[in-house]
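Coordinates in review
Next come the chains, spelled out residue by residue.
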Amino acid sequence: MAKKQLVRVKVNGRDREVEVEPRLLLIHFIREILQLTGSHIGCDTSHCGACTVLLNGKTVKSCTMFAVQADGGEIMTVEGLMKDGQLHPLQEGFKEEHGLQCGFCTPGMLMSSYALLQHNAKPSEEDVRWGISGNLCRCTGYQNIVRAVRFAANKMATAEKKPEMAEVAK
Amino acid sequence: MIHKTSPEVGGMGHPLRRKEDSRFIQGKGNYVDDVHLPGMVYGQMVRSPYAHARLKTVNTEKAKKLPGVLAIITGEDLAKANLAWMPTLSHDKQMVLATGKVLFQSQEVAFVIAEDRYTAADAAELVEVEYEELPVLVDPQKAMDPGAPVLREDREQKNNHIFHWEVGNRKATDDVFQKAPVKASVNAFFQRCHPAPLETCGCVADFNKATGKLTVYMTSQAPHAHRTVFALVGGIPEQNIRVISPDIGGGFGNKVPVYPGYVCAIVASLTLGVPVKWIETRSENLQSTGFARDYHMTAEIAADRDGKMQALRVKTLADHGAFNAAAQPTKFPAGLFSICTGSYDYPQAFCEVDGVYTNKAPGGIAYRCSFRVTEAAYLIERVVDVLALELKMDPAELRRKNFIPPDRFPYESSLGWTYDSGNYEAAMKLALDKIGYAELRKEQAEKRKKGELMGIGISSFTEIVGAGPAHTFDILGIKMFDSCEIRIHPTGKAITRMGTKSQGQGHETTYAQIVAQELGIPANDVTVEEGDTDTAPYGLGTYASRSTPTSGAATAIAARKIRDKAKKIAAYMLECSENDLEWEPGKFYVKGAPSKAKTIQEIAFAAYTNMPPGMEPGLEAVDYYDPPNLTFPFGTYACVVDIDKGTGEVKVRRFVAVDDCGNIINPMIVEGQIHGGLTEGLAIAFMQQIDYDESGNVQGGSFQDYLLPTAVETPHWETDKTCTPSPHHPFGAKGVGESPNVGSPAAFVNAVVDALSHLGVKHIDMPIAPWKVWNILKEKGVIS
């Protein structure tokens, strides 16, 4: 066994420091060491995207990286989406638009959608389809996932507009 | 007519948002790989690289020396406990770990148990296995040759033939063919596919030496049946086995059989006395667990010159791989394949199937289909189009001419099924109107003049689901009923438990809606629990679209039993006769005096606090429902494709799906099921195949080359419905989850063939990859 190495990361806003084997995959680090089991493993060739998390703001397939490669970084997983006990608009969208069935791909889908909305606040159907094209779903046929993401985009746009509207009202 | 409850109650017909979603969207689902028990260790399979080889030696010495390795189990070890083989669901047996020889690539040879996943994987690499290669059989036709090597030396029968099964009148059918003025035929290969749910199979076996109790958390679509199998095979008293099927990340039939990994994990836990986790990799899942289809089919239709069908003749060679591990009702070696007469009225029909062994992974499971119905629906919908070409008749017109008319239901098919209800022409008309069929034909004619390739495909399928009546259907002798238990709490809330098990179908919501419909208790006040054999009533599980036809029916009947008791309590409370009471969902009231009423919540409280003298306290009921017949959902799918001549790529321009699944519990969930099934149908038609080379090396053994559609390849689906309730189901439902996967492959293929039919193309085997189309275009001189 190779010498363990220290990994320091911030996960969903919380600092974590763990010594791990250099070969430990990031997904196993997240699921088994940090016990955040929302992110899943659906394949062994990095095709399915069930393990998608954000590393320093960008989506990564955490089955395709070692935990030590994330050292010093900031990780966000599905468990970090809720803020102050409130569901993220994407989470609401997935429930409202029936964007999930078995739920296994959902955490990865949510993270890819989150990243998409970060740089494209008003995605078209086509944009969403490309935005989630690194994530496989076997249940939904994607159509309601597309609706769910656009539901969230609309909701987030409305939420941003509200203060302006309040200004106008004054 | 179903009484419509208020949205607050959320009975049948309401698009209630799913109760189960709250945990999944927060990453708080509990799938089997999320189960983490104190002291848990990990199992890893050692698998054969060869498709057929003599097993000379299995040397575990080096592996055992690796720090962290706890034990290694081989076939010889299991043989000592008489566990080297296990029974399949189809009168056959299967090796748990190989002894003597291996029969397919990736077959299970040894099971390594170590303290962590990584060590287990390292140790598996260190297990030294010496093989002596044997001649490999991958072609089922060659497997039938008299001189073919005999794969299964364990059987008395010294050839590779598993079964011959036939149904219908061979002679009468042959006679019709001899005289028929028009004949059409197709040889269609339904390729080997794998359901590939996004979660692979796995388990955590936890044997507690102190209590003698074995708990198995496993990806099981049929937890009760699996418990009984473990009891019968393993000799563990059944009350000491608890199977818990936690959240399941998709099943589609893949999680019906018992796999060697489960057995090895159980043996390891029994031996070591600690919890043992075994989780497949994706490659292991695709290469070794239940595949589907692999049917080499021929269908012929005899017809009049005006297109009236007279007889159907079907001959099929079924490749079951190394062991007949097909998961289907025991009396049906080819499942319900004899539904192959489809939506048409055939005076005569004959169907025969031969099953053979080859050096491929074992199986023959029902992949999102009711036991070979997908093969049957694809075949009939394909050959009807070939007949239309033969007759130069419009395929929609030909179908219309031969549909079983609505006034003939219940309809006895010439292959022995009694169809419960149907209105095929109405569904087809709606689909064709919606897609603009007549205009599309005009557009196609214009495009052909310009050399552009466009096709329209129709599939008017009939399904057969909801197995099934106990007189006909059993699995290893256990009748295929299913169950529901409802308990009403004193405050009027409820818990219900079923013998089925959701894998994403939304049972926690839909069953609650049935209770809401029948009792008027809001669906949000009803907890639905499944998958724990210690608490749920016995049932055969979820597959073959059977949950709504069986457990759904049981839920309604159990609720009605509760209502009967509630009526007695209400009469006591209102000081009237039961005969004076009327019911509307949620309350009993006195006829003519609606203000004199007792709500179900008030009655529930009284059942525990103020029951009539002499009445047993409490308010609960259980029902084991044996359906009187199967249900027969149907529909018409219409598809438009455009073909890129330069690349051979097929683009699905539009797809209209009209489904008829009888009365609907939750329209949102039904629509979601249809989207998903259509996408799997698309995958089968254009992408998915598990193939083997001549040496038996699996092709399509990982997501690298077993292609699943992403959101980009998947078109926008258009759905609609007609409603023809099942006359025998308690609330007229039929089941829907599999219809889109059963009905759609033929629609896609018919559309592609239609685009090329003027070039003389009558059939293309799936998956229709661009290179196949490109080769055809080259061969026909369309491109140079």
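Residues numbered from 1 in each chain as written. Chains lettered and ligands numbered in written order. Predicted model: local features only at pLDDT ≥ 70, side-chain atom pairs only at ≥ 80, totals over all residues.

**Description of the overall build of chain A**
Rule in force here: Helix numbering and strand numbering both begin at the N terminus, where a helix is a DSSP run of H or I of at least 4 residues and a strand a DSSP run of E of at least 2. For a compact globule the rule gives 2.2 Å times the number of residues to the power 0.38, and the radius of gyration it is set against comes from C-alpha atoms. For the exposure call, what matters is how many other C-beta atoms sit within 10 Å of a residue's own: 20 or more marks it buried, 12 or fewer exposed, and in between partly exposed, using C-beta atoms placed from the backbone. We call two residues in contact when their backbone-placed C-beta atoms lie within 7 Å.
The helix and strand tally for chain A stands at five helices and five strands. Going from N to C terminus, chain A has its helices and strands arranged as β-β-α-β-β-β-α-α-α-α. Computed over the C-alpha atoms, the radius of gyration of chain A is 17 Å, within 12% of the 15 Å expected from 2.2 N^0.38 for a compact globule of 170 residues. Expressed as lengths along the three principal axes of its C-alpha atoms, the size of chain A is roughly 65 × 40 × 25 Å. Within the span of chain A, comprising 170 residues, buried residues form 55% of the whole. Counting contacts in chain A only where the partners sit at least 6 residues apart, residues at least 24 apart contribute 59% of the total.

**Considering the overall build of chain B**
Secondary structure assignment for chain B yields 19 helices and 35 strands. On C-alpha atoms alone, chain B measures out to a radius of gyration of 27 Å, which is about the 28 Å that the 2.2 N^0.38 rule sets for 784 residues. Projected onto its principal axes, the C-alpha coordinates of chain B cover approximately 85 × 75 × 50 Å. When the 784 residues of chain B are sorted by exposure, 60% land in the buried category. Counted over contacts in chain B with a minimum sequence separation of 6, partners at least 24 positions apart contribute 79%.

**A word on the nonpolar core**
Residues and elements named next belong to chain B. Formally: Only buried residues count toward a nonpolar core: Ala, Val, Leu, Ile, Met, Phe, Trp, Tyr and Cys, linked into one set through C-beta atoms within 7 Å.
Counting residues in each nonpolar core, the largest one holds 307 residues, and the members touching the most others are Val 112, Val 515 and Ala 638. By residue number, the principal contributor to this core is helix 10 (residues 373-391), which donates 11 residues. Leave out the neighbours within four places in its chain, and Val 515 touches Ile 486, Ala 494, Thr 496, Ile 521, Val 526, Thr 555 and Ala 559.

**What about the environment of Glu 713 of chain B?**
Secondary-structure assignment places Glu 713 of chain B in the loop between strand 34 (698-699) and strand 35 (718-721). Residue class for Glu 713 of chain B comes out partly exposed when judged on the 18 C-beta atoms lying within 10 Å of it.

**Examining the packing of helix 10 of chain B against helix 11 (residues 395-402) of chain B**
A packed helix pair is summarised by two numbers, namely the angle formed by the two axes and the spacing between the axes. All names here are of chain B. Quick note on the threshold: Only the stretch in contact is used when a helix axis is fitted, and all axes are lines through C-alpha atoms; the angle between N-to-C directions ranges over 0 to 180 degrees. Orientation labels follow simple angle bins: below 35 degrees gives roughly parallel, above 145 gives roughly antiparallel, 65 to 115 gives roughly perpendicular, and whatever is left gives oblique. By definition, any crossing whose near helix is turned counterclockwise from its far helix by less than a right angle is left-handed, and any crossing with a clockwise turn is right-handed. Gly is put with the polar residues, along with every residue not named as nonpolar or charged; the nonpolar set is Ala, Val, Leu, Ile, Met, Phe, Trp, Tyr, Cys and Pro, and the charged set is Asp, Glu, Lys and Arg.
Following both chains from N to C, one finds helix 10 and helix 11 inclined at 110 degrees, their axes separated by 9 Å at the closest point. In terms of orientation, helix 10 lies roughly perpendicular with respect to helix 11. Judged by the sense of rotation from one axis to the other, the crossing of helix 10 with helix 11 is right-handed. Between helix 10 and helix 11, the contacting residues are Val 384, Asp 385, Leu 387, Ala 388 and Leu 391 on the first element and Pro 395, Leu 398 and Arg 399 on the second. Class assignment of the residues belonging to the contact of helix 10 with helix 11 gives a composition of six nonpolar, no polar and two charged.

**Focus on helix 14 (residues 507-519) of chain B**
All names here are of chain B. To keep it simple, the criterion reads: The length a helix should cover is 1.5 Å for every residue beyond the first.
Given a rise of 1.5 Å per residue, 13 residues ought to cover 18 Å, and the 18 Å separating the end C-alpha atoms of helix 14 matches this to within 8%. Among the 13 residues of helix 14, 12 are classified as buried, and the element is accordingly described as predominantly covered. Of the positions making up helix 14, those classed as buried are His 507, Thr 509, Thr 510, Tyr 511, Ala 512, Gln 513, Ile 514, Val 515, Ala 516, Gln 517, Glu 518 and Leu 519. Considering only its buried residues, helix 14 is in contact with strand 24 (482-488), strand 25 (494-498), strand 26 (526-530), helix 15 (547-574), helix 16 (600-609) and helix 17 (667-686). Directly beyond the C-terminal end of helix 14, a positive phi value near 75 degrees is found at Gly 520.

**Examining the interface of chain A and chain B**
On the side of chain B, 42 residues touch chain A, which itself brings 41 residues to the contact. Within the residue set of the side of chain A that touches chain B, elements represented by two or more residues are helix 2 (89-96), helix 3 (106-119), helix 4 (125-131) and helix 5 (143-169) of chain A. Of all the elements, helix 2 of chain A adds the most residues to the side of chain A that touches chain B, at four residues. A class-by-class count of the residues in the side of chain A that touches chain B yields 18 nonpolar, 16 polar and seven charged.

**Describing the environment of Phe 731 of chain B**
Residues and elements named next belong to chain B. Of note, Phe 731 is situated in the loop between strand 35 and helix 18 (739-756). In this structure Phe 731 comes out as partly exposed when scored by C-beta crowding, with 19 C-beta atoms within 10 Å. Along the primary structure Phe 731 and Ala 553 are separated by 178 residues, whereas in three dimensions their C-alpha atoms are 7.3 Å apart. Those residues in contact with Phe 731 that lie beyond four places of it in its chain are Ile 2, Met 12, Ala 556 and Asn 663.

**Some thoughts on the packing of helix 2 of chain A against helix 3 of chain A**
All names here are of chain A. The geometry of helix 2 relative to helix 3 is characterised by a closest axis approach of 10 Å and an angle of 130 degrees between their N-to-C directions. Between helix 2 and helix 3, the angle falls in the class oblique. Both helix 2 and helix 3 take part in a crossing whose hand is right-handed. In contact with Leu 90, Gln 91 and Phe 94 of helix 2, helix 3 contributes Thr 106, Leu 110, Ser 113 and Tyr 114.

**Some words on the sheet that holds strand 31 (residues 634-643) of chain B**
Residues and elements named next belong to chain B. Which entries qualify depends on this criterion: Strands qualify as paired when DSSP identifies two bridges or more between them.
Spatial strand order, 21-31-32-35: four strands in an open sheet with mixed pairing. Only two strands of the sheet have a single partner each, and these edge strands are strand 21 (453-462) and strand 35. Taken over all neighbouring pairs, the strand axes of this sheet differ in orientation by 15 degrees on average, direction set aside. Relative to strand 35, strand 32 (residues 650-660) runs parallel, the two sharing four bridges. In the strand pairing of strand 35, Asp 659 is matched with Lys 721.

**Description of the pairing of strand 16 (residues 309-319) of chain B**
Residues and elements named next belong to chain B. Among the 11 residues that make up strand 16, nine are buried, leaving the element largely enclosed by the rest of the structure. Connecting the antiparallel pair strand 15 (residues 291-303) and strand 16 is a turn made up of five residues, with Gly 307 showing a positive phi of about 95 degrees. Alignment of strand 16 against strand 17 (residues 348-356), held across nine bridges, turns out to be parallel. By the bridge assignment, Ala 318 is partnered in strand 17 with Gly 355.

**Considerations on the sheet that holds strand 24 of chain B**
Each strand in a sheet pairs with another by means of backbone hydrogen bonds, the pair being arranged parallel or else antiparallel. Residues and elements named next belong to chain B. The strand order 26-25-24-30 describes an open sheet built from four strands, whose pairing is mixed. Across the chains shown, the open sheet's two edge strands, defined by having one partner strand only, are strand 26 and strand 30 (620-625). Within the sheet, the average angular offset between the axes of one strand and its neighbour, ignoring direction, is 15 degrees. In this fold helix 15 packs onto strand 24, strand 25 and strand 30, with an angle of close to 35 degrees to the strand it touches most, strand 24.

**Details of the environment of Ile 266 of chain B**
Residues and elements named next belong to chain B. Structurally, the position occupied by Ile 266 is in helix 8 (residues 260-272). Exposure remark for Ile 266: the 25 C-beta atoms within 10 Å place this residue in the buried category. For Ile 266 and Trp 278, which are 12 residues apart along the polypeptide, the C-alpha to C-alpha distance reads 9.7 Å. Those residues in contact with Ile 266, other than ones at most four positions away along the chain, are Ala 205, Leu 214, Val 216, Phe 230 and Gly 234.

**Points about helix 1 (residues 26-33) of chain A**
Burial runs high along helix 1 of chain A: six of the eight residues are buried. Phi for Gln 35 of chain A, located one or two positions after helix 1 of chain A, is positive at around 60 degrees.

**Structural notes on the confidence of the model for chain B**
To keep things clear, this is the line we draw: Per-residue confidence from the predictor is reported as pLDDT, which spans 0 to 100.
Mean pLDDT over chain B works out to 97, with 100% of the residues at or above the 70 mark. Across the assembled chains, the prediction reports ipTM 0.97 with pTM 0.97.

**Digging into the domain arrangement of chain A**
Residues and elements named next belong to chain A. The following threshold applies: Domain delimitation in this document rests on an assignment produced automatically or drawn from a domain database.
Considered domain by domain, chain A is made up of domain 1 (5-80) and domain 2 (89-165). Each of domain 1 and domain 2 was reduced to a C-alpha centroid, and the two centroids are 22 Å apart. Only strand 3 (52-55) and strand 4 (58-61) provide two or more residues apiece to the side of domain 1 that touches domain 2. A total of three residues in the side of domain 1 that touches domain 2 trace back to one element, the largest contributor, which is strand 3. For the side of domain 1 that touches domain 2, the class distribution of residues is six nonpolar, eight polar and one charged.

**Focus on the domain arrangement of chain B**
Residue and element names in this part refer to chain B. When the domains of chain B are assigned, the result is domain 1 (21-28 + 482-625) and domain 2 (421-465 + 631-784). Measuring from the centre of the C-alpha atoms in domain 1 to the corresponding centre in domain 2 gives 40 Å. With 15 residues of domain 1 at the contact, the number on the domain 2 side is 15 residues. Listing elements by their share of the side of domain 1 that touches domain 2, those giving two or more residues are helix 14 and helix 15. It is helix 15 that provides the largest number of residues to the side of domain 1 that touches domain 2, a total of six residues.

**Concerning unusual backbone geometry**
As a rule of thumb, non-glycine residues mostly have phi less than zero, and peptide bonds are mostly trans rather than cis. Residues and elements named next belong to chain B. Going from Phe 409 to Pro 410, the amide bond is cis rather than trans, its omega being -5 degrees. Residue position: Pro 410 is located in the loop between helix 11 and strand 19 (411-412). In this structure, Pro 767 follows Met 766 across a cis peptide bond, with omega equal to -10 degrees. Locating Pro 767 in the fold gives a position in the loop between helix 18 and helix 19 (770-779). A positive phi angle is found at His 91, which is not glycine, with a value near 60 degrees. At Arg 293, a residue that is not glycine, the phi angle is positive and equals roughly 65 degrees. Tracing the sequence through the fold places Arg 293 in strand 15.

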